[in-house]
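# Structure assessment
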Amino acid sequence: MRADPSDDAVFPSHRAHTLDGAWRKALQHPRLLLRKYVRPGMTVLDCGCGPGFFTIELARMVGPKGRVLAVDLQQAMLDRLAVKAEAAGVAGRILLHRSGAGSSGVSENADLILAFYLMHEVPDQGKVLWEFHRILKPGGTLYLAEPAHRVSADRFQKTLSLAGGAGFVVVKRPLVLFSRAAVLRRSGPRARSAPLPR
């Protein structure tokens, strides 16, 4: 889904440890940010999961009958997540999946997609948003967040406009520290294929 892992735009796996610090949990605690959108038994896609900062807590939140599809372009990130999931006792609820550069490769349907600090690394946002529309169940939720220091307000608005064209409606603009964020709902009929953005 992202650019090639060797591209400078992609967060390098050798710095993955910086994504899991206690400082981040204090500022962007996964449960506090996502508790309104995650229920037991749900299927959640954590796209661009990295080393699993959100994935582990999502697995706890969906419970034993739910599952989390953890997708990342870099195998090193998924390997790190696998170790953490085993240690946390939630490995059985997490399906690890390595994406291609242009597509997630996910065929399952999800109730919620989390794309946290992902979209600015994606070369073709329109294509990815159409794929999210395909993956989400009718009425499903897409939670987007981008780093404010990397993504301007105008650039984030362009992403939201592309999302509108892909069949999403913004329903909330949550406050996420140091971020630009939006919660969107999938509307309209399921996209059979992702049309090329014009």
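Residues numbered from 1 in each chain as written. Predicted model: local features only at pLDDT ≥ 70, side-chain atom pairs only at ≥ 80, totals over all residues. Heavy atoms only, no water.

Here we come to the pairing of strand S1 (residues 43–47). Successive residues of a regular strand alternate their side chains across the two faces of the sheet. Summarising burial for S1: 5 of the 5 residues are buried, a large majority. Alternating positions in S1 separate into two faces, Thr43, Leu45 and Cys47 on one and Val44 and Asp46 on the other, with burial throughout. Judged from the 5 bridges that link them, S1 and strand S2 (residues 67–72) form a sheet pairing that is parallel. Opposite Leu45, over in S2, you have Leu69 as the bridge partner. For the handedness criterion, the β-α-β arrangement of S1, helix H3 (residues 55–62) and S2 is classed as right-handed. Direction of pairing for S1 relative to strand S4 (residues 110–116): parallel, over a ladder of 3 bridges. The residue of S4 that forms the bridge with Asp46 is Leu114. (Buried < 20%, exposed > 50% of the residue type's maximum accessible area, 1.4 Å probe, protein only. Helix = DSSP H or I, 4+ residues; strand = E, 2+ residues; numbered from the N terminus. Pairing = 2+ DSSP bridges. Right-handed = clockwise from strand over helix to strand, strands pointing away.)

Attention now goes to helix H5 (residues 125–135). Burial runs high along H5: 8 of the 11 residues are buried. For H5, every residue scored as buried is listed here: Gln125, Gly126, Val128, Leu129, Glu131, Phe132, His133 and Ile135. Check the buried side of H5 and you find it contacts S1, S4, strand S5 (136–147), helix H6 (153–165), strand S6 (168–172) and strand S7 (179–186). (Contact = heavy atoms within 4.5 Å.)

Let's shift gears to the side chain of Asp72. Looking at where Asp72 falls in the secondary structure, it is placed in strand S2. Of the polar contacts made by the side chain of Asp72, one reaches the backbone nitrogen of Gln74; its length is 2.9 Å. (Polar contact = N/O pair within 3.5 Å; in protein donor to acceptor, adjacent residues only side chain to side chain.)

An order of S3-S2-S1-S4-S5-S7-S6 is seen for the 7 strands of this open sheet, with the pairing classed as mixed. Across the chains shown, the open sheet's two edge strands, defined by having one partner strand only, are strand S3 (94–98) and S6. Geometrically, the sheet is characterised by an average inter-axis angle of 20 degrees between neighbouring strands, direction not taken into account. The strands that H3 touches are S1, S2, S3 and S4; relative to S2, the one it contacts most, it runs at about 160 degrees. (Axes fitted to C-alpha atoms, helices over the stretch in contact; angles between N-to-C directions.)

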